[in-house]
Amino acid sequence: MKNGAASAMTTALITHRDCLHHVTPPGHPERVDRLRSLHQRFANAEFDELARFEAPLGDVDSILRAHPQEYYDGIVRRQPTGGITSLDPDTHMSPGSLDAARRAVGANLLAVDLVMRKRVNNAFCAVRPPGHHAEAARAMGFCLFANVMIGALHALETYQLNRVGIVDFDVHHGNGTSALAWDDARIFFASSHEMPLFPGTGDKSECGAHGQIVNVPLASGTDGREFRQAMTSEILPALADHKPEFIFISAGFDAHHRDPLASLKWSEDDYFWATTAICDVADETCAGRVVSSLEGGYDLNGLQDAATAHLRALMNTAR
């Protein structure tokens, strides 16, 4: 893939083949075929107008904005030369995992640069491993580095922004993002998620040190209608009130009704609606600046359909 020419009214698709080299044990839900299936779908003609970019390797200094040096060095040491190393019962590394994780970070960094430099209007990072469960000094929930948070900190520190917003609609609570945002008044974080469910965090009472965190736990079986009501009444108004200068989306597609790891009942239309609604806030507060990054989604057909709806909404907004 060659880096594409782009204009301000374009959506960027950022990915890298190295993300296919993060291999998990047989039967693991966060598998290579997830990204392969998206590459296959995004090769369709309806996506020809995307500006396509290869993700660079995320630089260590950017990673250290979210993670201590000791943690990063530990991940490097655990990188196997063959086979698979388990960091915990769910989170694993293969010989290609470190480069894949750095590409996932690099995609978010590049996406911020492209949007801030007005080369594109918004961007979707089709990368793995995901990132929203990674805490400052702990890999967990399939995640090694806090991809979206590192992107948000890059926007704040490199471009001297004052406020950013992160909306996470993965079916699992983004505990890592929440913990990293907890004491930072500049970072608004909102999460809708099934509860009870892994990782067990995300109660409504978890509001952050500055009241800038909004959690919307949803009961098993919640459908798209209830999700839209929660977004409209709680998440979107709070996001707009924060007046973000950039909005990030942790785009997990495992609340889809086909997903095997959870029990919410969202459709492709719900993802299109949610993405459009978030982009509408971005149009009002930050000139449409939106970067989205892949998190969960484990039924391949459901992932393809939901991610397609999400990307269509980003493209519609950018036109």
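What you see is a predicted model, and the numbers here were worked out from it, not measured in a lab.

Peer 1: With reference to specific residues and values, describe the sheet that holds strand 6 (residues 164-168).
Peer 2: Here we have eight strands laid out as an open sheet, ordered 2-1-5-10-9-6-7-8, and parallel in their pairing. The open sheet is flanked by strand 2 (51-54) and strand 8 (213-218), the only strands paired with a single partner. If you compare each strand with its neighbour and ignore which way they point, the axes differ by 15° on average. Sheet topology places strand 6 next to strand 7 (residues 187-194); five bridges connect them, and they run parallel. Across the sheet, residue Asp168 finds its bridge partner in strand 7, namely Ser191. In this fold helix 7 (residues 224-242) packs onto strand 6, strand 7, strand 8 and strand 9 (247-251), with an angle of close to 170° to the strand it touches most, strand 7. Together, strand 6, strand 9 and strand 10 (290-294) form the strand contacts of helix 8 (residues 268-285), whose direction differs from that of strand 9 by roughly 170°.

Peer 1: Please provide a residue-by-residue account of the pattern of salt bridges, values included.
Peer 2: Within the structure shown, the criterion is met by 12 salt bridges. When the shortest N-O distance is used, the salt bridge between Arg36 and Asp33 registers 2.9 Å. Here Asp33 and Arg36 lie together in helix 1 (residues 32-42), a separation of three residues that amounts to about one turn. Under the relative-accessibility criterion, Arg36 is labelled partly exposed at 46%. On the basis of relative accessibility, which here comes to 35%, the residue Asp33 falls in the partly exposed class.

Peer 1: Please provide a residue-by-residue account of helix 3 (residues 69-78), values included.
Peer 2: Turning to helix 3, its buried residues number three or more, namely Tyr71, Tyr72, Gly74 and Ile75. Along helix 3, the residues classed as buried sweep out an arc of 160° about the axis, all on the same side. Exposed positions of helix 3 whose direction lies more than 90 degrees from the buried face are Glu70 and Arg77. Lining the buried residues of helix 3 we find helix 2 (60-63), strand 4 (92-93) and helix 4 (97-116).

Peer 1: Mind laying out the state of the cysteines, listing which residues take part and the relevant values?
Peer 2: Under the defined criterion, the tally for this structure stands at zero disulfides. In this model Cys19 remains outside any disulfide bridge; the closest cysteine sulfur is found in Cys125, 9.7 Å from its own. When its relative accessible area of 0% is taken as the criterion, Cys19 is described as buried. Here Cys286 is not cross-linked by a disulfide; its sulfur's nearest cysteine counterpart is in Cys279, at 9.3 Å.

Peer 1: Tell me about the packing of helix 1 against helix 9 (residues 300-318), and please be specific about residues and values.
Peer 2: Put simply, helix 1 and helix 9 touch, their axes get as near as 9 Å, and they point 50° apart. Considering their axes alone, helix 1 and helix 9 lie oblique with respect to each other. In the crossing of helix 1 with helix 9, the sense of the turn from one axis to the other is right-handed. Within the contact between the two elements, helix 1 uses Asp33, Arg34, Ser37, Leu38, Gln40, Arg41 and Phe42 and helix 9 uses Leu300, Leu303, Gln304, Asp305, Ala307, Thr308 and Leu311. Taken together, the residues that form the contact of helix 1 with helix 9 break down as six nonpolar, four polar and four charged.

Peer 1: Would you mind going over the pairing of strand 6 in detail, with residue names and values included?
Peer 2: Burial analysis of strand 6 places five of its five residues in the buried class, the great majority of the element. Burial along strand 6 is two-sided: Val164, Ile166 and Asp168 and Gly165 and Val167, pointing in opposite directions, are all buried. For the handedness criterion, the β-α-β arrangement of strand 6, helix 6 (residues 175-181) and strand 7 is classed as right-handed.

Peer 1: Please give an account of the environment of Tyr159 that cites residues and values.
Peer 2: Counting through the fold element by element, Tyr159 comes out in the loop between helix 5 (147-158) and strand 6. Each C-alpha atom, one on Tyr159 and one on Met116, is 7.9 Å from the other, the two residues being 43 residues apart in sequence. The residues touching Tyr159, leaving out its near neighbours within four places in the chain, are Val112, Asp113, Met116, Arg117 and His154. For Tyr159, the side chain forms a polar contact with the side chain of Asp113, separated by 2.6 Å.

Peer 1: Tell me about the packing of aromatic side chains, and please be specific about residues and values.
Peer 2: To describe a pair of aromatic rings, you give the distance between the ring centres and the angle between the ring planes. If you walk through the whole model with that rule in mind, you get 12 aromatic pairs. Here the aromatic rings of Phe42 and Phe124 are separated by 6.2 Å at their centres, their planes lie at 85°, and the arrangement is edge-to-face. Residue Phe42 is found in helix 1, and its partner Phe124 is found in strand 5 (residues 122-125); the two are separated by 82 residues along the sequence. The pair Phe42 / Phe124 is uniform in exposure class, with both members buried. In this structure an aromatic cluster arises from ring pairing among Phe169, Phe227, Phe253, Trp266, Tyr271 and Trp273.

Rules used in this analysis
- Residues numbered from 1 in each chain as written.
- Predicted model: local features only at pLDDT ≥ 70, side-chain atom pairs only at ≥ 80, totals over all residues.
- Heavy atoms only, no water.
- Pairing = 2+ DSSP bridges.
- Helix = DSSP H or I, 4+ residues; strand = E, 2+ residues; numbered from the N terminus.
- Axes fitted to C-alpha atoms, helices over the stretch in contact; angles between N-to-C directions.
- Contact = heavy atoms within 4.5 Å.
- Salt bridge = Lys/Arg side-chain N within 4 Å of Asp/Glu carboxyl O.
- Buried < 20%, exposed > 50% of the residue type's maximum accessible area, 1.4 Å probe, protein only.
- Arc of directions from axis to C-beta.
- Disulfide = S-S within 2.5 Å.
- Parallel < 35°, antiparallel > 145°, perpendicular 65-115°, else oblique.
- Left-handed = near helix turned anticlockwise from the far one by under 90°.
- Nonpolar A, V, L, I, M, F, W, Y, C, P; charged D, E, K, R; others polar.
- Right-handed = clockwise from strand over helix to strand, strands pointing away.
- Polar contact = N/O pair within 3.5 Å; in protein donor to acceptor, adjacent residues only side chain to side chain.
- Phe/Tyr/Trp six-rings, centres within 6.5 Å; stacked < 30°, edge-to-face > 60°.

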